[in-house]
Amino acid sequence: MKNILLFLVCVFLFSCNKSNNQSESKATTVDRIPKKEKEFEMYELSEMAALMEQMYVDNERLKKRIKNGDNIGKFPNHFLKIHKAVMTDSTDNDTFFKQQANAFIKAQTLIYEDPKNAKQHFNDGVSTCVACHQVKCSGPIPRIKKLYIE
């Protein structure tokens, strides 16, 4: 393993040690024209996207606790922000979304109220996420489906 690592480091060092004279001699007048620098725009998550990321992490942890038969704990109250969090596209906060959000909160609440059936309630909550994302934003569906407890 050490030999492979040493080999990769050597290859990296030698590949980066090219002579600058070659590139300078081949430079054309076009290459010497100053280019406008592009401004870097950092993507910022909307409140809703950040909340959903946090809910995903929380549900990954909850999934492990359910599978291991550990104490489930308390309902995370920040999930209730789903009703008020600002979305990337405000038009997505329609009747359909509100119904799905209510179904999700109900399923999540039942996990803590009825821990004997936590697995079923958890999977129901995941299903509401998938159902909503099938209509609103399908990108995260494969990731969400990984939350299901088999």
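Residues numbered from 1 in each chain as written. Predicted model: local features only at pLDDT ≥ 70, side-chain atom pairs only at ≥ 80, totals over all residues. Heavy atoms only, no water.

1. Quick word on helix 6 (residues 118–135)
Defined as follows: Helix and strand assignments follow DSSP, with helices taken as H or I runs no shorter than four residues and strands as E runs no shorter than two, numbered in order from the N terminus. A helix is expected to span 1.5 Å multiplied by its residue count minus one. For every residue, the accessible area (1.4 Å probe, protein chains only) is compared with the maximum for its type, and the residue is labelled buried under 20%, exposed over 50%, or partly exposed between those bounds.
Taking 1.5 Å of rise per residue, the 18 residues of helix 6 would be expected to cover 26 Å, and the 26 Å separating its terminal C-alpha atoms lies within 8% of that figure. Buried residues of helix 6: Ala-118, His-121, Phe-122, Asn-123, Gly-125, Val-126, Thr-128, Val-130, Cys-132 and His-133, and no others.

2. A look at the nonpolar core
To be explicit about the condition: Residue types Ala, Val, Leu, Ile, Met, Phe, Trp, Tyr and Cys, when buried and joined through side-chain atoms within 4.5 Å, form a set referred to as a nonpolar core.
Ile-66, Ile-82, Ile-111 and Phe-122 are the most contacted members of the largest nonpolar core, which has 27 residues in total. Looking at this core, the elements that each hand over two or more residues are helix 4 (47–68), helix 5 (95–113), helix 6 and helix 7 (141–145).

3. Some details on the pattern of salt bridges
Oppositely charged side chains are able to pair whenever their charged atoms sit close together. Applicable threshold: Any Lys or Arg side-chain nitrogen found within 4 Å of a carboxyl oxygen on Asp or Glu counts as a salt bridge.
Counting across every chain of the model gives three salt bridges. Notably, a salt bridge pairs Asp-94 with Lys-136, separated by 2.6 Å at the nearest N-O pair. One end of the pair, Asp-94, is in the loop between helix 4 and helix 5; the other, Lys-136, is in the loop between helix 6 and helix 7, with 42 residues separating them in the sequence. Exposure remark for Asp-94: the relative accessible area of 28% places this residue in the partly exposed category.

4. Examining the packing of aromatic side chains
Definition in use: Pairing of aromatic side chains requires ring centres within 6.5 Å, counting the rings of Phe and Tyr and the six-membered ring of Trp. Pairs whose planes differ by under 30 degrees are stacked, by over 60 edge-to-face, and all others tilted. Lysine NZ or arginine CZ positioned within 6 Å of the ring centre and within 35 degrees of the ring normal marks a charge as sitting over the ring.
Here the structure, examined in full by the defined rule, presents three aromatic pairs. When the ring of Phe-75 is compared with that of Phe-79, the centres are 5.9 Å apart and the planes differ by 75°; the resulting orientation is edge-to-face. Classification of Phe-75 by relative accessible area gives buried; the value is 18%. Taken together, the ring pairs connect Phe-75, Phe-79, Phe-104 and Tyr-112 into an aromatic cluster. The ring of Tyr-56 carries Arg-143 above its face, with NZ or CZ at 3.9 Å from the centroid.

5. Overview of the packing of helix 5 against helix 6
Test applied: Lines fitted to the C-alpha atoms define the axes, with helices restricted to the stretch that makes contact. Angles between their N-to-C directions range from 0 to 180 degrees. Any angle from 65 to 115 degrees is called roughly perpendicular, while one under 35 is roughly parallel, one over 145 is roughly antiparallel, and all others are oblique. It is the rotation of the near helix from the far one that decides the hand of a crossing: anticlockwise by less than a right angle makes it left-handed, clockwise makes it right-handed. Contact criterion: two residues are considered in contact whenever any of their non-hydrogen atoms come within 4.5 Å of each other. Throughout this entry, Asp, Glu, Lys and Arg are counted as charged residues, while Ala, Val, Leu, Ile, Met, Phe, Trp, Tyr, Cys and Pro are counted as nonpolar. The remaining residues, Gly among them, count as polar.
Running from amino to carboxyl end, helix 5 crosses helix 6 at an angle of 165°, the nearest separation of the two axes being 8 Å. Of the possible angle classes, the one that applies to helix 5 and helix 6 is roughly antiparallel. By crossing handedness, the relation of helix 5 to helix 6 is classed as left-handed. Residue-level inspection shows Phe-96, Phe-97, Gln-100, Ala-103, Phe-104, Ala-107, Leu-110 and Ile-111 of helix 5 in contact with helix 6, the latter providing Ala-118, His-121, Phe-122, Asp-124, Gly-125, Thr-128, Cys-129, Ala-131, Cys-132 and Val-135. A class-by-class count of the residues in the contact of helix 5 with helix 6 yields 13 nonpolar, four polar and one charged.

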